[in-house]
Every structure is written in C-alpha cells, then in structure tokens.
Amino acid sequence: MSRIDSLNQRYAASAAVARAGVQITAVGDPSGARFNAAVRRLVVALRDDGPGLWDDLIGASKALRWRLITQPQPIEFNPGLVQLAGEVGRQARRLRGAVADQPLLDELAASALAVAETDPLVGAVLLRDCLEAGICECVVIAASKPAQASLELWLKDHGILVLTAGELERDQPERDQAYVVGPPRFYRSSLVTAPVTSGISFLLPAWFGDRSVPRSAIAAYAEGAIRVEAKLFAEGDTSEPVLDIPEEAEDEDVYLPQPLWGTRSSDDREPSSEEVEARKVLLSGNLAMWLDDGERIRSLDPEQPVGERVTYTEVAAVRAGTYLLLRQGATERGALYHAALAKLGQRGGTVDAAQLSWKRGLSDRLELLGYRRVVKELRAAGVKTADRARAWTNPSLIRPNSDHDFEALLQWLDIPIQPTFGYATLLRKMLYQVSAEIGKQLEAAVSAADLTELETTGHLSLDVKTAGFRGILATRVLGIAPYSEIVSRHDARVPFEDRSGQWLE
C-alpha cells in the first residue's frame, strides 16, 4: 500500500468512526464479577491497615484481575491465569491468622479458584464476533505485547490477526473491523481519534465500570473537534454482587497493577562526590536498578528494522515499556571508559590523569560550595548546562557536550584549557569508537536472538564476545519511582535482584 493509499484509508476510517461511533460490549462474567468484588473489598482493607502485610496478596490479586480483562482466552490457552489464581490462594492462606478478616481471605481464595476453572466469557464473544465478521476483515487489538503473545497462541489456529495498538498504527493492515480487548481507557486516544479501521469494538467484562471513550488532548480546545460517541451493548448475566465500600474506592486506578514505592528514605541533603541522585527502575525478570541523571542509556527497539534496533535513549525519555540493554554485575559505561583508555595506548595514563584532575577539582568545589552555589557561579561564568555539574564528576562521563561549556568550566576551575580540553575530546572520540563497535556486536546478537521471547517474557540475555561486555541483558522497564534516592555512584545502572515488580510482568 502506498503512502497516499494509506492516508486515504485513515481519512475514510476516521469519517466512518466519527459517523458511527465505537461499540462497547460489556459481557456478563459472574465468576469474574465475584472475584472483582473480593478485590475491591481487599483494597479497602489495605487502606485501613496500610501496606506491608497485604502487599503480595494485593499484587497477585490485581495481576489476576488485569489478566481477566486483557487476556480472556480459554483456560487451556491461559496458563498464566491459572498460575495467578493459585498464587492468590497461596497468599491468602499465608495470611491466615495474621489478619482479622478471615472471611475476606476465604472469599478471595474461593473466587480466584472459580475463575481458574471457568473459560472467560469475553473470549467466547470475541471469537464469535471475529468469525461472524470474517477473519480476513478483522483484527484483534491487545493491550500489551505479553497479552498479544498469549492471545495469538489461541487465535492463530483460527487465522485471526492479533496486533498491539502501536503495530496497528504502524502496519495499517487492510482490515475493516478492529476488536479491542479491554476498555477504551487502556488505550491511547489515537486508536479512536485517528483510526485505522472503519469499525471499532471494545470487549470487556461487565464488572469493569469505566467505559468512557478517550478524547484527543486538544479536543477540548479545538473548534468543531470530532467527539467519538460510544454505543453500549450488554451480553449475558451482567448482575454483580452488592458491595458496601466507600465511594472514593470507586477510582479504577486503585485496582490496576502498580508498584508500591513506599516513601523516600534518603536524607534531605546533597549527594557527596561518591553519590548520585537516582530513581529506582523496576525491570522484567525480578530485577531493578538505580537510574541516575546521565544523558542517555543504551536501549533496544524490537520494532525497528534489522541493524537499527540497538540505539541510545535519553534518560528523561525512559518509560514503562522501554527495553534497556544492561551489563550484569557492572555498568557498561565503566567498561567503555577503560576500553577507550586502552585504545589510546601509552597516552591512556596521561589522559586518565588529566580527567581525574579536573573532575577532582569540580568535586572539591561542590563539596566546599554546595551544588546550588556551584550552579549559580557556573552560569555566571557562561556555562549554559551548569545544572549538569554534579553529573560531570562521574568518571565515565567524559566531558560536557558543549565545547564552550567545557572551556568555561575549566576556566572557572582555574585549569588551563589545554591540554585538558584536547585530552578529553580525544578520549570521547575513542569512547564513541568503542561504543560503536559494541553496538555492532549487540546488533548481531539481537539479530541472532529470538525476540519473541523478549516480547513475551520481557527479558533476554545476549551473547557478546568482547571481554568486559559479556552478560548483556535486554530487559523491559516495568515502572519508574516517582522520587529519587541518594545512592552510591557505583550502584547506579547496575541491575540487582528485586521482586517489587513481580506482579507487573
């Protein structure tokens, strides 16, 4: 399909959806409704007792509820649902005798067992609708890559195409009807405001209450903006258990899987020269790391063409869903630095000494004057990126990007511009060469790897031959802490075991 044909298809689809609206089918699901009611009671209990004791039970329960909404395939194709249901029962039994509300624990375990023994009814409706529409005329949209992989195992035997919303927008298959698994709020507004298909139907269990259709971010301000309306249809037994819970507990976000970050534990102080401020990042595979304020980090984009998948992502742009490439047990930056020095041969020691000298001078000024005053004075000296002063003390960060800023920094430190400027620039050039060489090896390793495993499990080990760079792991970001902590500089960007994100997989 040419770009013009693709654009014409989008315009025609947008006009059709604007005219007809989208369909939301709420499917009765008695066993799911029973479990949902138990989870809602559990969230209220958590609010009363506080986190800690309930953490694993609430995590497993929310994960099971999420799976009921986003992966409604039959039980035989849904081993993850059965596993989560068993985990809910195990965690409920673990708390027996530790909490007062024993009936709630019993109901959670019993209702979880019930959903593990019953094929989700949303799945039956989804398959029926696809077959009625024609498998060549429809596409199923999954809420995530793991959900897509699970749904494909079931629907591939029927010849039904399953994509994520992002793949739908990128590939633009010639399909008239999209069946979207889950409520509209789980998807970007562009799915309905800039549709690829002329028909869009959302399928969700009737016990999920929020059925609002996402709007474009500018719709509220645009004159004559198109507002897509929703037509609601109900199927089956949509009755639900009567619950007596506080009104504020109706916020749907409370019931979605999410990490429990707790509160900030670091003192309200500036980091020392051996410390950095970093945010905790939860990673697939029961891992985490501390992400500092460096400029960029190596990443992987499985959706890019072969040879263009390994790249760098700005630290500020790292989000849940980003795939990072990390060196297990140590940072890649440290290994790159030493490899760059090695390429300089006999000059490596002189260059390293010059680097240590100006960085030590900057560290001393930070220690003496404090970060805020250093930034103020650097700005007065003409350093535009003065807020990066603390980051520049990191041995692995070669020099400021701007030549002007680096020269002004050296002058402020009372260090002659040459030869320090030349040494740092040469070292940076060597580091770029080493980084490019490692990037090529990573591209080769990625090309040889099964990326289906990466997108399904969220993590994958890559085989890189170069000494110092072995043990590279590709892993998906699951969540980023809303606040920073002060940690040792040596701990930043080094993955470590952490099960805080186990229910977000």
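Rules used throughout
- Residues numbered from 1 in each chain as written.
- Predicted model: local features only at pLDDT ≥ 70, side-chain atom pairs only at ≥ 80, totals over all residues.
- Heavy atoms only, no water.
- Pairing = 2+ DSSP bridges.
- Helix = DSSP H or I, 4+ residues; strand = E, 2+ residues; numbered from the N terminus.
- Axes fitted to C-alpha atoms, helices over the stretch in contact; angles between N-to-C directions.
- Contact = heavy atoms within 4.5 Å.
- Core = buried A, V, L, I, M, F, W, Y, C linked by side-chain atoms within 4.5 Å.
- Buried < 20%, exposed > 50% of the residue type's maximum accessible area, 1.4 Å probe, protein only.

Our next topic: the sheet that holds strand 3 (residues 161-164). Across the sheet, which stays open at both edges, the 6 strands sit in the order 3-2-4-5-1-6 with parallel pairing between neighbours. Either end of the sheet is taken by a strand with one partner, and the two such strands are strand 3 and strand 6 (230-235). The average angle at which neighbouring strand axes cross in this sheet is 25 degrees, direction not considered. Where strand 2 (residues 138-142) lies against strand 4 (residues 177-181), 4 bridges are found, and the strand directions are parallel. By the bridge assignment, V140 is partnered in strand 4 with Y179.

The subject of this paragraph is the environment of W154. For W154, the position within the fold is in helix 7 (residues 145-155). Sequence spacing of W154 and Q73 is 81 residues, and the spatial spacing of their C-alpha atoms is 6.7 Å. Not counting residues up to four positions away in its chain, the partners in contact with W154 are Q73, P74, F77, G123, L126 and L127.

Residues F35, W54, L57, L64, L108, I141 and F202 are the most contacted members of the largest nonpolar core, which totals 55 residues. Once residues within four sequence positions are removed from consideration, L57 is found in contact with L42, V88, Q91, A92, L95, L105 and L108. Within the second largest apolar cluster, 48 residues are counted, among which are L336, L344, L366 and Y371.

A cis amide bond, omega 10 degrees, links Q418 with the succeeding residue P419. Checked against the element boundaries, P419 lands in helix 15 (residues 417-448). The residue Q172 is not glycine, and still its phi comes out positive at about 45 degrees. Summarising the element assignment, Q172 is placed in the loop between helix 8 (165-171) and strand 4.

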